[in-house]
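Structural features, examined
This is what each chain is made of:
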Amino acid sequence: MSMHEQFAEDLSLYALGALEGDKQIALEKHLDECSGCRQELEKMRGDAAWLAFSISGSRPPASSRQRLMSAIAKEPRSSRAATPARPFTWFKAFEWAVVTAAALLVLIFARQNRDLRQQLSVIQSESWGEQQQLHQAKDLIASLTSAEAEHFTLIASKTPPPAEGKTIYIRNTGTVIFLASNMPQLPAQKTYELWLIPATGAPIPAGLFKPDEHGNATVVKPPLPAGVEAKAFAITVEPETGSPAPTSTPIMVGAQS
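The numbers attached to residues start from 1 for each chain and follow its sequence in the written order. Only residues with pLDDT of at least 70 get local features here, since the model is predicted, and only at 80 or more are side-chain atom pairs given and counted; chain-wide, interface and lining totals rely on the full set of residues. Hydrogens and water are ignored here; the side-chain numbers use all heavy atoms of the structure.

1. Overview of the overall build of the protein
What counts is decided by this rule: Every helix listed is a DSSP run of H or I at least four residues long, and every strand listed is a run of E at least two residues long, numbered separately from the N terminus. Exposure classes here rest on a 1.4 Å probe applied to the protein chains alone. A residue is buried below 20% of its type maximum, exposed above 50%, and partly exposed in between. Two residues form a contact once any of their heavy atoms are found within 4.5 Å. All accessible areas in this document rest on Shrake-Rupley with a 1.4 Å probe, and a residue is counted as covered only by the protein chains that are shown.
Each helix and strand counted, the protein has 6 helices and 8 strands in total. By the burial criterion, 31% of the 257 residues in the protein qualify as buried. Relative to all contacts within the protein whose residues are 6 or more apart in sequence, the contacts with residues 24 or more apart total 56%. For the protein, the exposed area adds up to about 16,600 Å²; of that, 58% sits on carbon and sulfur atoms.

2. Concerning a nonpolar patch on the surface
Operational definition: Patches draw on residues past 30% relative accessible area with no salt bridge. Two like charges within 9 Å are joined, as are two nonpolar side chains (Val, Leu, Ile, Met, Phe, Trp, Tyr) within 5 Å. Basic side-chain nitrogens of Lys or Arg form a salt bridge, by our definition, when they fall within 4 Å of a carboxyl oxygen of Asp or Glu.
The grouping of L105, I108 and F109 at the surface amounts to a nonpolar patch, some 300 Å² of accessible area in total. Relative to the helices and strands, F109 is located in helix 6 (residues 90-144).

3. Concerning the sheet that holds strand 8 (residues 252-255)
Within a sheet, adjacent strands bond to each other through the backbone by hydrogen bonds, running parallel or antiparallel. How we decide: Pairing between strands is defined by DSSP: at least two bridges between them are needed. Only the contacting stretch of a helix is used when fitting its axis, a line to C-alpha atoms as for every element, and angles between N-to-C directions run 0 to 180 degrees.
Taken together, 4 strands build an open sheet; the order of strands is 5-4-7-8 and the sheet is antiparallel. The sheet terminates laterally at strand 5 (204-209) and strand 8, the two strands that pair on one side only. Averaged over all adjacent pairs, the angle separating strand axes in this sheet is 20°, with direction ignored. Relative to strand 7 (residues 230-239), strand 4 (residues 190-198) runs antiparallel, the two being bridged by 9 bridges. Each residue of the ladder has a partner; that of L196, found in strand 7, is F233.

4. Observations concerning the nonpolar core
The test is simple: Put simply, buried Ala, Val, Leu, Ile, Met, Phe, Trp, Tyr and Cys residues joined by side-chain atoms within 4.5 Å make one nonpolar core.
Ranked by size, the top nonpolar core spans 24 residues in total, and within it Y169, F178, L194, L196, F209, F233 and I235 carry the most contacts. At the level of secondary structure, the elements contributing two or more residues to this core comprise strand 1 (149-156), strand 2 (163-170), strand 3 (175-181), strand 4, strand 5, strand 6 (217-220) and strand 7. Each residue touching F178, except ones within four places of it in the same chain, is listed here: L154, G165, K166, T167, L194, F209, A217, T218, V219 and I235.

5. So, helix 3 (residues 21-33)
The test is simple: Multiplying 1.5 Å by the residue count of a helix minus one yields the expected span of that helix. It is the directions from the helix axis to the C-beta atoms whose arc is reported.
Its 13 residues give helix 3 an end-to-end C-alpha distance of 19 Å, which sits within 8% of 18 Å, the value for a rise of 1.5 Å per residue. L27, H30 and L31 are the residues of helix 3 that are buried. Taken end-on, helix 3 shows its buried residues confined to a sector of 100°, consistent with a single buried face. The exposed residues of helix 3 that point more than 90 degrees off its buried face are D22, I25, K29, D32 and E33.

6. Focus on the pattern of salt bridges
If you walk through the whole model with that rule in mind, you get 2 salt bridges. Note that K210 and E240 form a salt bridge whose closest N and O atoms lie 2.5 Å from each other. Of this pair, K210 sits in the loop between strand 5 and strand 6 while E240 sits in the loop between strand 7 and strand 8, and the two are 30 residues apart along the sequence.

7. Details of the pairing of strand 4
Buried residues dominate strand 4, accounting for 7 of its 9 residues. Pairing between strand 4 and strand 5: 4 bridges, direction antiparallel. Its bridge partner lying in strand 5, E193 is registered against L208. Taken together, strand 4 and the strand that follows it, strand 5, pair antiparallel across an intervening segment of 5 residues, in which G201 is found at a positive phi of about 100°.

8. A few points about the side chain of T236
The criterion, for reference: For the purposes of these results, a polar contact is taken to be a pair of N or O atoms within 3.5 Å, where, inside protein, one atom must be able to donate a hydrogen and its partner to accept one; residues adjacent in sequence count only when each atom of the pair is a side-chain atom.
Relative to the helices and strands, T236 resides in strand 7. One polar contact links T236 to E238, side chain to side chain, over a distance of 2.6 Å.

9. Quick look at the pairing of strand 3
If a strand is regular, its side chains alternate between the two faces of the sheet. Taken across its 7 residues, strand 3 has 5 buried, putting it largely inside the fold. As judged from the 7 bridges shared by strand 2 and strand 3, these two strands associate in the antiparallel manner. Within the sheet, the bridge partner assigned to I170 lies in strand 3 and is T175. In this structure, strand 3 lies alongside strand 6, joined through 4 bridges in antiparallel fashion. Paired with A180 across the two strands is A217, which belongs to strand 6.

10. So, unusual backbone geometry
At N182, a position not held by glycine, the phi torsion is positive, near 60°. Here N182 shows up in the loop between strand 3 and strand 4. The class for N182 is partly exposed, based on a relative accessible area of 33%.

11. Considerations on the state of the cysteines
As used in these notes, a disulfide is a covalent bond between sulfur atoms, one from each of two cysteines. In plain terms, the rule: Pairs of cysteine sulfur atoms within 2.5 Å are identified as disulfides in what follows.
This model, assessed by the stated rule, comprises 0 disulfides. Unpaired in terms of disulfides, C34 finds its nearest cysteine sulfur in C37, a separation of 3.6 Å. By relative accessible area, which is 5% here, C37 ends up buried.

Here it is as structure tokens:
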């Protein structure tokens, strides 16, 4: 008996997904080494698929049906063949076709279910991000319209058109919202730094910023201590990483308006 004949019966069962255990392991090892058996397996799988689709679709090609029946008819009989073998019938083929079709449907539904879970995860993530943005927008509007908000206007008269900054400050929460326009572009490795000038004590860093190509910039809710009385706000040019205390003369200063 050749190596191919030895695996003939197992190859037919494997094509229908009915081979398990040690026989499956041995056959898969043989398939890794035998291109002829791999080609035969693909033919059997194609024939089984044609039979599966023939249940509700068009009639499969006669050559496919004949190949599958010939492969099964050539299966070597083991010692169990002492009892008369029941003839292969189309009803048996129909049963195998149903099993194959069911297995294909399970795989299709499993893939669709996985895709749906991934899409749901993306939708939930996008929804969470939109909710966060909405919450931030509401918080920003509340700060801008708060009755406790103090407004500071900073103007640099030396630049045409003049650079301007507006600061909204809520003392009891330490909230700062700063908007700037017409800011000059910075030298390399430099940044603007906003400062809260308290009624008493040293200036407090209130955020770093660089303008866009139109000279616009914002600083929103930098970390600041609550309850500090602000006398003014100022802007200096500092090293790119910022400074704990001003290292240059302020280019813009504004008191409460």
